[in-house]
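# Tertiary structure, described
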Amino acid sequence: ATTEIYTLSHTTLFRSKIVDASKNKILAALYSHLNDLLIKSISETGYLPGGISESSYEHHKLLDLIENKYSEAAKDLMSTHISNSTRKLKKILYGE
């Protein structure tokens, strides 16, 4: 339970920092409306084997790429991260 709470709060903070750093008002508005759905997704996908460690690795790598201004690599990894999260959620919801 402690890992679950830590991971949820860590992931929510990570996403908030990325949205804030983007200084993109449209992204901020979308994020504020999608945050509850994203939290539900995290709480569902974190239970899959490797779900927490995979997301944590991707988050740390994304921060590293952003800090070092590797925008294309960060964009590619974010796309991969979203695809991986979608795949995990489909596995839970539909058994795919």
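Below, the structure is looked at part by part. (Residues numbered from 1 in each chain as written. Predicted model: local features only at pLDDT ≥ 70, side-chain atom pairs only at ≥ 80, totals over all residues. Heavy atoms only, no water.)

Residue position: His81 is located in helix H4 (residues 71-94). Residue classification places His81 among the buried residues on the basis of a relative accessible area of 6%. (Helix = DSSP H or I, 4+ residues; strand = E, 2+ residues; numbered from the N terminus. Buried < 20%, exposed > 50% of the residue type's maximum accessible area, 1.4 Å probe, protein only.)

In this structure, Leu89 sits in helix H4. Accessibility expressed as a relative area gives 25% for Leu89, which makes it partly exposed.

This next bit is on a nonpolar patch on the surface. A cluster of nonpolar side chains, namely Ile26, Leu30, Leu34 and Leu37, defines an oily patch on the protein surface of about 410 Å² accessible area. On the secondary structure map, Ile26 appears in helix H2 (residues 25-45). Given the relative accessible area of 63%, Ile26 is considered exposed. (Patch = residues over 30% accessible without salt bridge, like charges linked within 9 Å, V, L, I, M, F, W, Y side chains within 5 Å. Areas by Shrake-Rupley, 256 points an atom, 1.4 Å probe, with all protein chains shown as cover. Salt bridge = Lys/Arg side-chain N within 4 Å of Asp/Glu carboxyl O.)

Non-glycine residue Lys23 carries a positive phi angle of around 55°. Note on placement: Lys23 falls in the loop between helix H1 (2-22) and H2. With relative accessibility at 73%, the residue Lys23 sits in the exposed group. Even without being a glycine, Lys69 presents a positive backbone phi close to 60°. Counting through the fold element by element, Lys69 comes out in the loop between helix H3 (51-67) and H4.

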